[in-house]
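# Tertiary structure, described
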Amino acid sequence: GGEGGGGGGGAAPMRVLELGCGNGSSVLPLLRGNPLARVHATDPSPTAVADTVRRVEEAGFSDRLTAEVPPGLTRPCSPGHGPFDAVMALFTLSAIPGGDDAVLLSAAAGELRPGGVLLLRDCGLYDMRHLRDAARGATPVDTAAFLRPGGMHRRYYSLADVDRLGAAAGREGG
């Protein structure tokens with residue numbers, strides 16, 4: 001396993017904010033592979049936050065995790081948790097309806113320390129998931145977004161969309 005925070009030898013812990021922690025599937029590998037990483041995991045679902053906390057406790061990493069339901073859909077975390085070295089938004093923004101995805105990403109970028117990085121991975125326009133949603137009867141919201149059975153929103157991003165999100169968040173190089 002590698003070390004976080006730029007290496008060992010007394011290096012400071014790498015502080016990471018995860019938006020949309022879900023069941024902890026991204027937090028656990030990060031904590032396992034980076035012994036200096038400290039993660040603040042957030043999700044609008046109290047059940048998801050509880051699942052992440054439980055799984056991290058079971059893995060023995062609870063001393064390096066804090067977690068919360070954020071104070072609103074467009075607020076990445078409660079005040080006082082930042083700044084962070086990195087913000088991870090993995091398959092999170094696509095679940096945010098309307099233009100609130102850009103608002104959340106911009107607010108999250110504001111939680112970064114100078115030189116911090118924003119890691120975004122999400123659903124691509126015309127990828128297999130997009131084509132499956134279209135074929136399985138998800139309700140179109142517009143050409144790039146669907147309301148899936150069960151009520152979950154899912155947006156699909158083009159490279160130009162990602163560039164616009166990055167620019168709105170004060171970042172470049174989508």
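Residues numbered from 1 in each chain as written. Predicted model: local features only at pLDDT ≥ 70, side-chain atom pairs only at ≥ 80, totals over all residues. Heavy atoms only, no water.

A few words now on the overall build of the protein chain. In terms of helices and strands, the protein chain carries five helices and eight strands. Its C-alpha atoms give the protein chain a radius of gyration of 16 Å, within 12% of the compact-globule value 16 Å for 174 residues. C-alpha atoms of the protein chain, sized along the principal axes, occupy 50 × 35 × 30 Å. Here the protein chain, with 174 residues, has 38% of them falling under the buried criterion. Summarising the internal contacts of the protein chain: among those between residues at least 6 apart in sequence, 66% fall at separations of at least 24. Total accessible area computed for the protein chain in this model is approximately 8800 Å², and 55% of it derives from carbon and sulfur atoms. Here the protein chain contributes 17 positively and 19 negatively charged side chains, and the mean placements of these two sets differ by 4 Å. (Helix = DSSP H or I, 4+ residues; strand = E, 2+ residues; numbered from the N terminus. Rg over C-alpha atoms; globule rule 2.2 N^0.38 Å. Buried < 20%, exposed > 50% of the residue type's maximum accessible area, 1.4 Å probe, protein only. Contact = heavy atoms within 4.5 Å. Areas by Shrake-Rupley, 256 points an atom, 1.4 Å probe, with all protein chains shown as cover. Lys, Arg positive; Asp, Glu negative; His and termini not counted. Charge placed at Lys NZ, Arg CZ, Asp CG, Glu CD.)

Spatial strand order, 3-2-1-4-5: five strands in an open sheet with parallel pairing. With one partner strand each, in any of the chains shown, strand 3 (65-68) and strand 5 (112-121) form the two edges of the open sheet. Taking the axes of each pair of neighbouring strands and ignoring which way they run, one obtains an average angle of 20° across the sheet. As paired elements, strand 4 (residues 84-90) and strand 5 share six bridges and run parallel to each other. Residue pairing in the sheet places Phe84 in a bridge with Leu112 of strand 5. Lying over the sheet, helix 2 (residues 46-59) contacts strand 2 (37-42) and strand 3, oriented at roughly 165° with respect to strand 3. Helix-sheet contacts for helix 3 (residues 100-109) involve strand 1 (14-19), strand 4 and strand 5, and the interaxial angle to strand 5 is about 145°. (Pairing = 2+ DSSP bridges. Axes fitted to C-alpha atoms, helices over the stretch in contact; angles between N-to-C directions.)

Judged by pairing direction, the sheet is antiparallel, and its three strands sit side by side in the order 6-7-8 without closing on themselves. At either end of the open sheet lies a strand with only one pairing partner, and these are strand 6 (139-142) and strand 8 (153-155). Each strand axis lies, on average, 25° off the axis of its neighbour in the sheet, ignoring direction. In the sheet, strand 6 pairs with strand 7 (residues 145-147) via three bridges, with the strands oriented antiparallel. Note on strand 7: the bridge partner recorded for Pro140 is Phe146.

Once that is clear, we can look at a positive patch on the surface. Together, Arg121, Arg129, Arg132 and Arg136 give the surface a local cluster of positive charge. As for its placement among the helices and strands, Arg132 is situated in helix 4 (residues 128-135). (Patch = residues over 30% accessible without salt bridge, like charges linked within 9 Å, V, L, I, M, F, W, Y side chains within 5 Å. Salt bridge = Lys/Arg side-chain N within 4 Å of Asp/Glu carboxyl O.)

Taken residue by residue, helix 5 (residues 159-168) has Val162, Leu165 and Gly166 as its buried positions. Take helix 5 and look down its axis: the buried residues cluster within an arc of 100°, on one side only. Across from the buried face of helix 5, at angles greater than 90 degrees, the exposed residues are Arg164 and Ala167. Packing partners of the buried residues in helix 5 comprise helix 3 and strand 5. One or two positions beyond helix 5, positive phi appears at Gly170, with a value near 80°. (Arc of directions from axis to C-beta.)

It is worth spelling out the packing of aromatic side chains at this point. Per the counting criterion, the structure on display carries one aromatic pair. Taking NZ or CZ as reference, Arg129 lies 5.4 Å from the ring centre of Phe91, over its face. (Phe/Tyr/Trp six-rings, centres within 6.5 Å; stacked < 30°, edge-to-face > 60°. Lys NZ or Arg CZ within 6 Å of the ring centre and 35° of its normal.)

On to the side chain of Ser78. Structurally, Ser78 is set in the loop between strand 3 and strand 4. At a separation of 2.5 Å, a polar atom in the side chain of Ser78 contacts the side chain of Glu68. Setting aside chain neighbours within four positions, we find Ser78 in contact with Glu68 and Pro71. (Polar contact = N/O pair within 3.5 Å; in protein donor to acceptor, adjacent residues only side chain to side chain.)

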